[in-house]
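So you can see what is in the structure, the chains are spelled out below.
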Amino acid sequence: MSSWADKTLPAAPEPPNDEEARILAQDGVRTHVDVVERCDAQLMQLLGCSPARVKRLRAAAARRLAPTSARALLATAERHVASGCGPLDRALGGGARRGSLTEFVGRAGAGKTQCCFALAAACAAAGHAVVYVDTESTFRGKRLWQIADARGAAGTATDLLRRVHVLRPGSAAELLAVLERGDVLQRAAESGARLCVLDSVAAIARGDFAGRGDLIDRQKWLARAAAALKRVAVEADVAVVVSNHVMADFKADGASAEDAVTPALGLTWHHAVTTRVLLDAAPPRAGVERRARTASVVKSPAVAPAPFAYAVGAAGVVGADEGDGGGS
């Protein structure tokens with residue numbers, strides 16, 4: 001009988017580095033399943049590596065694919081990044097969940113960017129890093145500090161903003177590049193970020209794929225962008241939060257059909273999003289200063305729809321009875 005010392009210890013899991021991932025992707029090896037399905041000889045030839053390295057790559061892939069207990073999944077699902085807005089956090093079950101995509105969608109002025117700011121301010125004020133991808137040039141460090149300061153954050157604006165890493169891709173191609181190349185993932189991992197914001201996905205998609213003839217290319221781009229964002233969420237263990245626009249809902253009927261809207265970007269994007277929060281700012285009424293704002297979680301694997309009233313003011317997104325509602 002062989003002794004314990006005679007047995008070969010299992011390979012320590014070690015995922016592909018950036019260069020290995022690039023080489024594998026060129027040959028169609030993009031997922032953990034792809035790694036498992038390729039034979040050792042193919043992987044060694046592709047990467048020019050040793051059998052020991054292939055074993056470590058396989059161990060990393062197998063760990064991702066291995067079954068896990070419901071209790072372990074529950075523990076993962078309970079980790080959130082709170083926004084500091086009580087009604088919103090309660091509706092989300094504690095905040096934006098790490099390891100998944102949360103989307104804020106609504107009309108212009110509904111408060112999508114303010115929700116992103118509120119989450120970023122709360123996360124940074126708690127001492128955690130944030131990666132903020134700004135495609136509309138709407139990021140304002142001063143506003144982020146205003147929200148944190150109004151909530152009684154400790155430290156200075158410099159301390160807080162040092163934890164927020166801003167990227168500004170100027171096109172759909174640039175955004176996809178920083179996502180797929182690993183720039184966002186690397187920044188999130190190196191800084192120990194807990195939140196990654198993309199504000200907004202619709203603006204850059206609509207800007208670069210404007211015509212009906214671009215629809216197929218846009219859907220392909222959205223699928224790739226969604227896959228890359230999910231990779232960031234899972235591998236960097238961050239909450240990924242995106243904002244999205246709305247468009248006219250021509251399928252709606254009834255008395256309110258004329259003003260009906262639906263989230264932009266279609267089914268490809270809809271299925272990619274884990275949690276969707278619909279923000280709806282009612283049109284202003286004569287003699288009424290503050291607009292009535294309501295929101296609801298309309299898609300989630302973890303919580304039931306929970307409508308709530310909110311306002312936007314100096315402290316960001318707050319409960320309707322807590323702020324002045326003066327923002328947009």
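To keep things clear, this report deals only with the structure shown in the data block. For every chain, the first residue of the written sequence is number 1, and numbering continues from 1 onward in sequence order. Confidence filtering applies because this is a predicted model: local features only for residues at pLDDT of at least 70, side-chain atom pairs given and counted only at 80 or more, and all residues used for totals across whole chains, interfaces and linings. Side-chain metrics in this entry use all non-hydrogen atoms of the structure; hydrogen atoms and water are not considered.

**Let's talk about the overall build of the protein**
Stated precisely, the cut-off is as follows: Only runs of H or I of at least four residues qualify as helices and only runs of E of at least two qualify as strands under DSSP, and these elements are numbered from the N terminus. Residue exposure (1.4 Å probe, protein chains only): buried if accessible area is under 20% of the type maximum, exposed if over 50%, otherwise partly exposed. Any two residues having at least one pair of non-hydrogen atoms within 4.5 Å are treated as being in contact.
Secondary structure assignment for the protein yields 14 helices and 13 strands. The buried share of the protein, taken over its 328 residues, is 40%. A separation threshold of at least 6 residues defines the contact pool for the protein, and within that pool the share at least 24 residues apart is 65%.

**Here's the deal with the environment of H245**
Within the secondary structure layout, H245 lies in the loop between β7 (239-244) and β8 (246-248). A sequence separation of 141 residues divides H245 from F104, and the C-alpha atoms of the two residues are 8.6 Å apart. Beyond its immediate chain neighbours, meaning those up to four positions away, H245 contacts V105, G106, K112, E136, S200, A202, A203, R206, P263 and A264.

**Observations regarding the packing of helix α7 (residues 112-125) against helix α8 (residues 141-150)**
Inclusion rule: Convention adopted: a line fitted to C-alpha atoms gives each axis, helices being fitted over their contacting stretch, and angles between N-to-C directions are expressed from 0 to 180 degrees. We call a crossing left-handed when the near helix sits turned anticlockwise from the far one by less than a right angle, and right-handed when that turn is clockwise. Following the grouping adopted for this structure description, the nonpolar residues are Ala, Val, Leu, Ile, Met, Phe, Trp, Tyr, Cys and Pro, the charged ones are Asp, Glu, Lys and Arg, and the polar ones are all others, Gly among them.
Here α7 crosses α8 at 65°, and the two axes come no closer than 9 Å. The element α7 and its partner α8 pack so that their crossing is right-handed. Of α8, the residues touching α7 (which contributes Q114, F117, A118, A120 and A121) are R143, L144, I147 and A148. In the contact of α7 with α8, the residues fall into seven nonpolar, one polar and one charged.

**Some points on the environment of D208**
On the secondary structure map, D208 appears in helix α12 (residues 201-208). Note on D208: relative accessible area 36%, which makes it partly exposed. Distance from D208 to S171, taken between C-alpha atoms, is 6.9 Å for residues 37 residues apart in sequence. Beyond its immediate stretch of four places on either side in the chain, D208 contacts S171, A172, A173 and D214.

**Let's talk about the packing of aromatic side chains**
Note the threshold: Geometry of aromatic contacts follows a simple scheme: Phe, Tyr and Trp rings, the Trp one being its six-membered ring, pair when their centres are within 6.5 Å, and the pair is stacked under 30 degrees between planes, edge-to-face over 60, tilted otherwise.
Following the criterion strictly, the structure yields four aromatic pairs and no others. Where F117 meets Y132, the ring centres are 6.0 Å apart and the plane angle is 40°; that geometry is what we call tilted. With F117 in helix α7 and Y132 in strand β4 (residues 130-134), this residue pair connects regions lying 15 residues apart in the sequence. Pair check on accessibility: F117 and Y132 agree, each one buried. Between F117 and F139, the ring centres sit 6.1 Å apart and the planes meet at 85°, which makes this aromatic pair edge-to-face. Residue F117 is found in helix α7, and its partner F139 is found in the loop between β4 and α8; the two are separated by 22 residues along the sequence.

Honestly, that's just the spatial picture; any functional story needs more than this.
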